[in-house]
Amino acid sequence: MATTPDEVLKTHGLRSTRNRHVVLEEFSHADFALSQPELEKRLKGEMDRVTLYRILSSFEEKGILHSIVDQFGTTNYASCSSSCRAGHHKDQHIHFNCLNCRKIYCLPSNNPPVDIPAGFNAENISIIAIGLCKACNSN
Ligand SMILES: [Zn+2]
Ligand SMILES: [Zn+2]
Ligand SMILES: [Zn+2]
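Just so you know, these numbers come straight off a predicted model, no measurement behind them.

## So, the coordination of the zinc ion (ligand 3)
Inference 1: Within the protein, H66 (NE2), H93 (NE2), H95 (NE2) and C106 (SG) serve as the donor atoms for the zinc ion (ligand 3), at 2.0 to 2.2 Å.
Inference 2: Around the zinc ion (ligand 3), the four donor atoms sit at angles spanning 101 to 114°, and that spread fits a shape best called tetrahedral.
Inference 3: If you list the donors of the zinc ion (ligand 3) from N- to C-terminus, the spacing comes out as H-x26-H-x1-H-x10-C. Taken together, the residues span a long stretch of sequence, with H93 in the loop between strand 3 (75-79) and strand 4 (94-98) and C106 in strand 5 (residues 104-107) at a distance of 13 residues.

## Some remarks on unusual backbone geometry
Inference 1: The phi torsion at K44 lies on the positive side, around 45°, for a residue other than glycine.
Inference 2: With respect to the helices and strands, the residue K44 is situated in the loop between helix 3 (36-43) and helix 4 (49-62).
Inference 3: Accessibility expressed as a relative area gives 73% for K44, which makes it exposed.
Inference 4: Unusually for a residue other than glycine, R102 sits at a positive phi of about 70°.
Inference 5: If you trace the backbone, R102 turns up in the loop between strand 4 and strand 5.

## Here's the deal with the packing of aromatic side chains
Inference 1: Following the criterion strictly, the structure yields one aromatic pair and no others.
Inference 2: Between F32 and Y105 the ring centres are 6.2 Å apart and the planes differ by 65°, which places this aromatic pair in the edge-to-face class. Pair noted here: F32 is in the loop between helix 2 (18-29) and strand 1 (34-35) and Y105 is in strand 5, with a separation of 73 residues, a long-range link. Like Y105, F32 is buried.
Inference 3: Its end group placed over the ring of F72, R102 keeps NZ or CZ at 3.7 Å from the ring centre.
Inference 4: Of note, K103 hangs over the ring of F32, and the distance from its end group to the ring centre comes to 4.5 Å.

## Here we look at the coordination of the zinc ion (ligand 1)
Inference 1: Binding of the zinc ion (ligand 1) to the protein goes through C80 (SG), C84 (SG), H89 (ND1) and D91 (OD), at separations of 1.9 to 2.3 Å.
Inference 2: For the zinc ion (ligand 1), the four donor atoms in the first shell make angles of 102 to 119° at the metal, a pattern classed as tetrahedral.
Inference 3: If you list the donors of the zinc ion (ligand 1) from N- to C-terminus, the spacing comes out as C-x3-C-x4-H-x1-D.

## Details of the sheet that holds strand 6 (residues 127-131)
Inference 1: An order of 5-4-6 is seen for the three strands of this open sheet, with the pairing classed as mixed. Looking at which strands have only one partner, the edges of the open sheet turn out to be strand 5 and strand 6. The mean inter-strand angle of the sheet, taken between neighbouring strand axes irrespective of direction, is 30°.
Inference 2: Where strand 4 and strand 5 come together, four bridges link them in antiparallel fashion. Paired with H95 across the two strands is C106, which belongs to strand 5.

## Notes on the confidence of the model for the protein
Inference 1: In this model, the protein carries an average pLDDT of 91, and 99% of its residues clear a pLDDT of 70 or more.
Inference 2: Mean pLDDT values over the elements of the protein span from 92, in helix 1 (residues 5-11), up to 97, in helix 4.

What counts as what
Residues numbered from 1 in each chain as written. Chains lettered and ligands numbered in written order. Predicted model: local features only at pLDDT ≥ 70, side-chain atom pairs only at ≥ 80, totals over all residues. Heavy atoms only, no water. Donors = N, O, S within 2.8 Å, 3.2 Å for Na, K, Ca; no water. Tetrahedral: all angles 85-135°; square planar, octahedral: opposite > 155°, others 65-115°. Helix = DSSP H or I, 4+ residues; strand = E, 2+ residues; numbered from the N terminus. Buried < 20%, exposed > 50% of the residue type's maximum accessible area, 1.4 Å probe, protein only. Phe/Tyr/Trp six-rings, centres within 6.5 Å; stacked < 30°, edge-to-face > 60°. Lys NZ or Arg CZ within 6 Å of the ring centre and 35° of its normal. Pairing = 2+ DSSP bridges. Axes fitted to C-alpha atoms, helices over the stretch in contact; angles between N-to-C directions. pLDDT = per-residue confidence, 0-100.

Below, the structure is given as structure tokens:
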């Protein structure tokens, strides 16, 4: 995310609060998707579970984060592309789930990874590649 937390919140119609800032900061430093348990660990009890859950849900609703359910059934969240808006996600890319470290990565692409037939309007495409990530592969 190139913009500041304040700008991101404003663009997506959310009031700026300390907790929202803290969560956005975590995502701006992560190069892979984060699950709620992982975030709780990173925030070290800075906010309760319900507050964090509400923030993640509203971020997803407003087009700031998109969620990916990994092969283990855990929901992970990652920053959206700048063209995502409330109720309209445009994250048409493949996700990569590592079998070893279990991290989920967004794999950027300029085009939708599949051809959607005319007449269908895909708002979200969910494709997960499974294997070893770059870091695990080089060990
Ligand atoms: Zn999105
Ligand atoms: Zn890995
Ligand atoms: Zn993604």
